[in-house]
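Structural features, examined
Each chain is listed here by its residues.
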Amino acid sequence: MILSSISNNAKSAILGFRKIFARSRIGNELSTRYIRTTTMSFRRNQRPRDDFNHQSFGPLPQRPRNNAYTDSWNNSFSLINESLNEMRNFNMNTSQQVAATVFTVNCGEIREKDDGIRVKISGKVVKRPRSGRFLEVKDLTGCTQLVAMDDRPEVQQKFQSIPNDAYISVIGTVQIRPLRFINKSIGTGAVEIAVEEFDKIIMPILSDMASSSFDQQTRAYSTSSATKSKGITSIEYKKSASENIVQYFVNRKFTCGGLSRDDIGTFVTLVGWLDSKKHGKFLQLKDGYGIIQVIIDSDDLEMKQEVANVQNDSIILVQGRVIARPPAMVRHNTDTGEIEILVTELKILNPNDPYKNPDGDEAPKEMEVEINETNAQSQSNQPVSPRPVEKPKINLYTYRTHNCGELNESNIGQEVTLTGWLEFHRMKKFFTLRDGYGCTQVIIPDELCSNYNIEDIPYESVLKVTGLVLARPFGMRNESMMTGNIEVTMKSLTVLNEAKKNLPLEIRNFNRAKENLRMEYRYLDLRFPDMQKNLRTRSKVLMKMREYLINHCGFVEVETPTLFRRTPAGAQEFVVPTRKAGKFYSLVQSPQQFKQLLMVGAIDRYFQIARCYRDESTRPDRQPEFTQLDIELSFTDQSQIMSMIEAVLVNCWPESNGTLSVPFRKMTYDEAMERYGTDKPDLRFDMQLQNVTNLVSLNEDITQSTPNMGSYAIVLKHPQSNIKNSLKKELKDIEKESNSHLIVSKIAANDINEWIDGPLKNVFSTVVLKALAANLHLEPNDLLVIGYGKKADCQTLMGRVRLSLYDDLEERGLVAERAKEENQFLWVVDFPLFAKNEETNEIESVHHPFTAPHPEDRNLLGNPESRLLARSLAYDLVLNGQEVGGGSVRIHEPKLQKYVFDEILKLDRNHLNHMLEALQSGAPPHAGIALGIDRLISIICNTNSIRDVIAFPKSNEGKDPMSKAPCEISEEEKKMYHIKIIEDKESSS
């Protein structure tokens with residue numbers, strides 16, 4: 001790249017030089033070496049050699065003895081000298097320019113030929129050697145060592161503050177490593193980068209920087225990316241003839257495959273078996289992690305005799321010092337090929353001898369299983385929680401020691417007891433045990449295979465397994481499993497409950513049953529990992545809601561009755577008969593009246609996780625019985641309630657779903673309907689409606705036939721405009737369900753005027769079409785979707801059309817997937833207080849009859865003509881196009897509440913006298929809200945239906961497929977509750 005900057009004369013000289021010497025072997029070699037060396041001198045930013053001598057290019061070529069070649073040689077060397085002079089001048093004039101050049105390179109590309117160039121390199125910090133002067137960074141191409149030079153203390157200080165897994169970008173100069181620190185096992189092992197400045201540092205999300213110690217020590221070079229495990233592996237366990245031998249593997253500090261050049265000079269103790277021995281002096285010691293050469297270089301006759309007695313199945317203990325191999329004996333095909341152990345003591349371990357710590361400690365150190373998180377927090381710079389956060393003791397009060405999802409390498413060497421369901425088995429030797437927390441692989445030792453035939457045990461049987469935790473061999477590890485680095489060697493197995501064969505459901509994600517079958521056998525369906533995750537997520541979210549409201553805000557959780565009396569002007573309620581003839585309860589559709597009565601009773605901060613009931617048709621996001629977070633607060637207003645809910649959600653929001661930004665966006669009801677055609681818009685995509693009412697109104701026939709007419713349009717450009725016939729049919733069905741008209745028109749003509757003169761002129765007129773084309777900037781191949789009719793109906797129609805169009809675009813991959821977008825919360829405010837029922841022509845409350853009017857619109861309530869224009873102090877919380885909460889400021893004045901009941905809604909007050917009496921008893925101003933827990937958790941867990949976040953939901957028909965409820969009752973029960981069945985003529989026919 002730098003060579004290309006050389007002037008044309010210099011290039012011509014070089015090419016001429018190569019042509020002249022093309023026929024000469026020496027000349028060809030000379031030209032090649034010259035070009036290569038010249039290029040390197042530019043890249044290294046070094047001064048080129050002053051003389052063309054043997055020190056630069058080797059011995060000078062001898063003149064040919066034949067006089068016929070004399071003239072050609074003279075001409076050749078004159079051309080060489082001329083080109084060399086031009087090269088010298090170029091390099092001297094541009095040295096400063098080259099020095100300033102910074103080349104962006106990958107971590108695995110740096111080589112010795114790049115010595116002296118300035119580079120910019122980026123990667124993840126994968127290792128911090130013992131000295132604070134060095135870091136290793138890695139990307140997809142390899143790894144490179146960074147060094148902080150002595151004259152740059154600021155870089156050294158920065159090195160000490162960078163933890164593992166940080167992503168950094170630096171600028172520095174490539175330099176050759178000292179000879180004794182060159183690592184020939186990797187491509188970049190001969191070079192390092194002397195860091196001059198930092199371009200970027202991105203800390204890892206979870207780092208224990210504060211608790212790490214980066215002490216200054218001596219210089220050390222390394223290319224190892226991670227510290228290897230030291231736990232006992234399955235092959236080591238098999239070779240151990242007794243528990244005494246097992247203890248040597250469990251309590252070791254070093255493994256045969258874990259040593260490197262970093263450990264030269266370290267005194268180590270190794271345990272393993274002999275792979276081979278040569279001349280009685282060189283032994284290949286092997287364990288479950290690798291192999292290393294040990295040298296018996298001693299005059300100790302006892303040690304030599306011990307070596308002679310070593311058999312292939314012997315387990316030996318070796319102590320000695322790590323030394324470097326002679327250069328001629330280095331082996332690059334093994335991880336430990338650069339080092340060997342100079343043995344000072346060798347011992348064949350007797351399986352019958354009790355374990356004795358070779359390092360002289362009084363007792364083997366047991367590995368910590370439980371971590372004291374409180375102490376860990378106090379030692380860091382992170383703020384300490386006011387209440388100590390203890391790790392849940394999920395195995396307490398059970399006879400298991402661990403669950404199937406928590407074992408890892410820290411448990412290696414421990415004897416554990418697991419309980420769970422048999423998930424899978426193979427080869428009569430391996431099986432996986434699953435519970436609600438994960439799964440663990442269990443190995444049946446050869447000596448126990450005859451006692452336990454795992455193939456005779458049906459899948460999903462409940463087992464209890466006791467065994468020893470071992471490390472899996474490196475080639476057999478499963479990174480997709482939480483327990484994929486370990487396995488349990490079984491000592492005993494108990495079948496606690498044998499399942500029947502051929503269960504109706506197989507717990508296999510790749511062969512999931514249909515929903516009806518899953519709900520019929522819900523107790524089996526709950527064993528699926530996603531169902532376990534959903535229900536546990538639900539539990540955690542509810543717990544954090546309770547914690548925040550009670551511990552931080554001082555709310556009181558109060559349980560209110562489920563059996564109550566009918567609430568007028570609300571949703572259809574379930575009726576519960578009693579033994580008193582003609583007397584019925586109703587299941588509450590919400591604790592609305594109770595929570596307002598609690599405010600009157602001075603329980604000024606109330607909440608509960610309430611069960612509610614509505615006798616309505618079910619949908620994917622609706623159930624006849626559901627759960628909501630119900631909240632009521634005295635002496636507050638709309639903005640305070642919104643701020644409180646935002647804080648509740650921020651505190652309970654799972655970390656895996658990202659963080660929430662507050663305050664949430666706010667939009668009026670009119671704005672939402674105008675721009676999105678719904679009061680619960682999905683803001684993860686734009687596609688706003690375009691109001692073309694004034695354009696369509698140019699057609700007087702449409703205006704006269706439709707009072708309060710409105711028209712809205714959506715335009716799709718090519719290639720989004722190429723919709724499928726199935727979508728056209730879907731849009732037609734949406735039109736049939738509305739009271740408005742919908743037209744879908746593809747502008748297929750090359751000239752927009754041809755489209756204007758087409759069939760649509762019979763619907764809108766040529767004037768309207770010209771106005772639409774001009775204002776909407778219509779072009780050939782565009783798709784125009786336009787609706788017109790009564791304004792409110794047309795808005796609703798186009799809101800549904802908007803969603804269907806985006807669903808199709810998302811399916812075709814033409815727009816971003818909404819599931820991958822950030823969650824979009826929205827407050828919708830200023831709802832209408834009242835609306836007219838089109839069927840009964842009566843005024844109804846948009847929310848409920850206890851909602852307070854907007855202070856600016858109270859004067860509109862007295863006039864029957866203006867009441868429908870009044871706004872309310874109601875507010876809805878929308879998340880990703882779904883309503884997840886709703887509330888309002890309540891009417892606390894008895895006169896206003898009585899006026900709404902009697903004069904506006906004309907309700908029978910016999911059901912509500914207790915409310916009016918309570919308001920007359922001194923009711924404080926109050927407001928509240930309810931969050932739909934089922935719908936909220938469904939969005940958090942990204943499920944298609946709220947049924948996937950409810951343990952035992954109802955089906956689409958409101959039935960329970962498992963218990964077959966609702967069901968008939970006996971004649972005696974009918975008499976007891978004074979019930980007479982009247983046959984439904986339609987169902988009977």
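As the structure is a computational prediction, the values presented were derived from the model and not from experiment.

Turning our attention to the overall build of the chain. Helix and strand counts for the chain come out as 28 helices and 33 strands. Every one of the 989 residues in the chain was classed for burial, and the buried ones make up 45%. Counting only contacts in the chain whose residues sit at least 6 apart along the sequence, the fraction spanning at least 24 positions is 67%. Counting every atom, the chain has about 53200 Å² of accessible surface; 49% of that belongs to carbon and sulfur.

For the rest of this paragraph, the subject is the sheet that holds strand β18 (residues 563-564). On the basis of which strands lie adjacent, the open sheet formed by 3 strands has the order β18-β20-β19 and antiparallel pairing. The sheet terminates laterally at β18 and β19 (575-577), the two strands that pair on one side only. Bridging between β19 and strand β20 (residues 584-587) involves 3 bridges; their strand directions are antiparallel. Residue pairing in the sheet places Pro577 in a bridge with Phe584 of β20.

Counted by the stated rule, this structure contains 11 aromatic pairs. With a centroid separation of 4.7 Å and an interplanar angle of 70 degrees, the aromatic rings of Tyr248 and Tyr355 are classed as edge-to-face. Of this pair, Tyr248 sits in helix α7 (residues 243-250) while Tyr355 sits in the loop between β11 (339-348) and α9 (373-378), and the two are 107 residues apart along the sequence. Overall, Tyr248 belongs to the buried group, its relative accessible area being 7%. Residue Tyr355 is classed as buried on the basis of its relative accessible area, which comes to 18%.

Evaluation of the coordinates by the stated rule reveals 52 salt bridges. Among the ionic pairs, Glu616 bridges to Arg622, the shortest N-O distance being 3.3 Å. Assessed through its relative accessible area of 29%, Arg622 is described here as partly exposed. A salt bridge links Glu735 to Lys732; the nearest nitrogen and oxygen atoms lie 3.3 Å apart. Of this pair, Glu735 and Lys732 are both found in helix α19 (residues 725-736), 3 residues apart, which corresponds to roughly one turn of the helix. One network of salt bridges, in which partners are shared, links Arg512, Arg518, Arg522, Asp525, Asp530 and Asp948.

As a further point, take a nonpolar patch on the surface. There is a patch of nonpolar side chains on the surface, built from Tyr523, Phe952 and Met962 and spanning about 300 Å² of accessible area. Relative to the helices and strands, Phe952 is located in the loop between α26 (933-941) and α27 (971-976).

The strand order across the open sheet formed by 4 strands is β24-β25-β27-β26, and the pairing between neighbours is antiparallel. Each edge of the sheet is formed by a strand with only one pairing partner; in this case those strands are β24 (690-691) and β26 (741-746). Where β26 lies against strand β27 (residues 783-790), 6 bridges are found, and the strand directions are antiparallel. In the strand pairing of β27, Val744 is matched with Val785. Contacts from helix α23 (residues 791-811) reach β25 (709-716), β26 and β27, with the element oriented near 15 degrees to β25.

We now examine helix α24 (residues 894-904). Structurally, the α-helix is built with 3.6 residues per turn, so residues lying three or four positions apart point the same way. Regarding α24, the residues found buried are Leu896, Gln897, Val900, Phe901 and Ile904. Each buried residue of α24 sits inside an arc of 135 degrees when the element is viewed along its axis, so together they form one side. Looking one or two residues past α24, Lys906 carries a phi angle of roughly 55 degrees, positive in sign.

For strand β31 (residues 874-879), the tally of buried residues reaches 6 of 6 residues, placing the bulk of the element in the interior. Going residue by residue along β31, you find Ala874, Asp876 and Val878 tucked away on one face and Tyr875, Leu877 and Leu879 tucked away on the opposite face as well. Sheet analysis places strand β28 (residues 825-829) next to β31, joined by 5 bridges and oriented antiparallel. By the bridge assignment, Trp827 is partnered in β31 with Leu877. Bridge analysis of β31 against strand β32 (residues 882-889) gives 6 bridges, and the strand direction is antiparallel. In the strand pairing of β32, Leu879 is matched with Gln882. A loop of 2 residues connects β31 with β32, the two strands running antiparallel in sequence, and Asn880 in this loop sits at a positive phi of about 55 degrees.

A few words now on the side chain of Gln592. Tracing the chain through its elements places Gln592 in helix α14 (residues 592-600). Within the structure, the side chain of Gln592 is placed 2.9 Å from the side chain of Gln596, a separation counted as a polar contact. Among residues more than four places away in sequence, those in contact with Gln592 are His848, Phe850 and Arg890.

Another aspect to go through is the side chain of Asn534. Relative to the assigned elements, Asn534 resides in helix α13 (residues 529-552). We classify Asn534 as buried; its relative accessible area is 5%.

By size, the foremost hydrophobic cluster in this structure holds 60 residues, and its most contacted members are Met545, Leu629, Ile631, Ile645, Leu649, Tyr875 and Leu877. A per-element tally of this core places helix α15 (residues 638-652) first, with 7 residues.

At a minimum axis separation of 8 Å, helix α16 (residues 669-676) and α23 run at an interaxial angle of 60 degrees. Classified by the interaxial angle, the pair formed by α16 and α23 is oblique. Here Met673, Glu674 and Tyr676 of α16 come into contact with α23, specifically with Lys791, Gln795, Thr796, Gly799 and Arg802. Across the contact of α16 with α23, the residue classes break down as 2 nonpolar, 3 polar and 3 charged.

So, about the packing of α13 against α26. Put simply, α13 and α26 touch, their axes get as near as 10 Å, and they point 120 degrees apart. By the angle between their axes, α13 is oblique relative to α26. The two elements α13 and α26 meet at a crossing, and its hand is right-handed. Along the contact surface, α13 presents Asn534, Thr537, Arg538, Val541, Leu542 and Met545, while α26 presents Ile933, Asp934, Leu936, Ile937, Ile940 and Cys941. By residue class, the composition of the contact of α13 with α26 is 8 nonpolar, 2 polar and 2 charged.

Before going further, it helps to spend a moment on the confidence of the model for the chain. Overall, the prediction assigns the chain a mean pLDDT of 82, with 82% of residues at 70 or greater. Per-residue pLDDT stays below 50 along residues 86-99; that stretch engages in 23 contacts with residues further than four places along the chain or on separate chains.

It is worth spelling out unusual backbone geometry at this point. In this structure, the amide linkage connecting Val662 to the following residue, Pro663, adopts the cis form with an omega of 0 degrees. Looking at the secondary structure, you find Pro663 in the loop between α15 and β23 (665-668). Omega for the peptide link from Ala965 to Pro966 comes to 0 degrees, which places this bond in the cis form. Note that Pro966 resides in the loop between α26 and α27. Even without glycine at this site, His777 takes up a positive phi of about 55 degrees. The residue His777 is located in the loop between α22 (766-775) and β27 in this model. When its relative accessible area of 59% is taken as the criterion, His777 is described as exposed. Even without being a glycine, Lys906 presents a positive backbone phi close to 55 degrees. When you line up the elements, Lys906 lands in the loop between α24 and α25 (913-919). Owing to a relative accessible area of 62%, Lys906 belongs among the exposed residues under this scheme.

Below, the discussion takes up the environment of Asp456. Turning to its location among the elements, Asp456 is positioned in the loop between α10 (446-449) and β15 (462-471). Between the alpha carbons of Asp456 and Lys428 there is a distance of 9.6 Å; along the sequence they are 28 residues apart.

All right, on to the environment of Ile743 then. By the secondary structure assignment, Ile743 is in strand β26. Along the chain, Ile743 and Leu784 lie 41 residues apart, while their C-alpha atoms are 7.9 Å from each other. Once you skip the residues sitting within four places of it in the chain, Ile743 turns out to touch Leu760, Val763, Phe764, Leu784, Val785, Ile786 and Tyr788.

What counts and what doesn't
- Residues numbered from 1 in each chain as written.
- Predicted model: local features only at pLDDT ≥ 70, side-chain atom pairs only at ≥ 80, totals over all residues.
- Heavy atoms only, no water.
- Helix = DSSP H or I, 4+ residues; strand = E, 2+ residues; numbered from the N terminus.
- Buried < 20%, exposed > 50% of the residue type's maximum accessible area, 1.4 Å probe, protein only.
- Contact = heavy atoms within 4.5 Å.
- Areas by Shrake-Rupley, 256 points an atom, 1.4 Å probe, with all protein chains shown as cover.
- Pairing = 2+ DSSP bridges.
- Phe/Tyr/Trp six-rings, centres within 6.5 Å; stacked < 30°, edge-to-face > 60°.
- Salt bridge = Lys/Arg side-chain N within 4 Å of Asp/Glu carboxyl O.
- Patch = residues over 30% accessible without salt bridge, like charges linked within 9 Å, V, L, I, M, F, W, Y side chains within 5 Å.
- Axes fitted to C-alpha atoms, helices over the stretch in contact; angles between N-to-C directions.
- Arc of directions from axis to C-beta.
- Polar contact = N/O pair within 3.5 Å; in protein donor to acceptor, adjacent residues only side chain to side chain.
- Core = buried A, V, L, I, M, F, W, Y, C linked by side-chain atoms within 4.5 Å.
- Parallel < 35°, antiparallel > 145°, perpendicular 65-115°, else oblique.
- Nonpolar A, V, L, I, M, F, W, Y, C, P; charged D, E, K, R; others polar.
- Left-handed = near helix turned anticlockwise from the far one by under 90°.
- pLDDT = per-residue confidence, 0-100.

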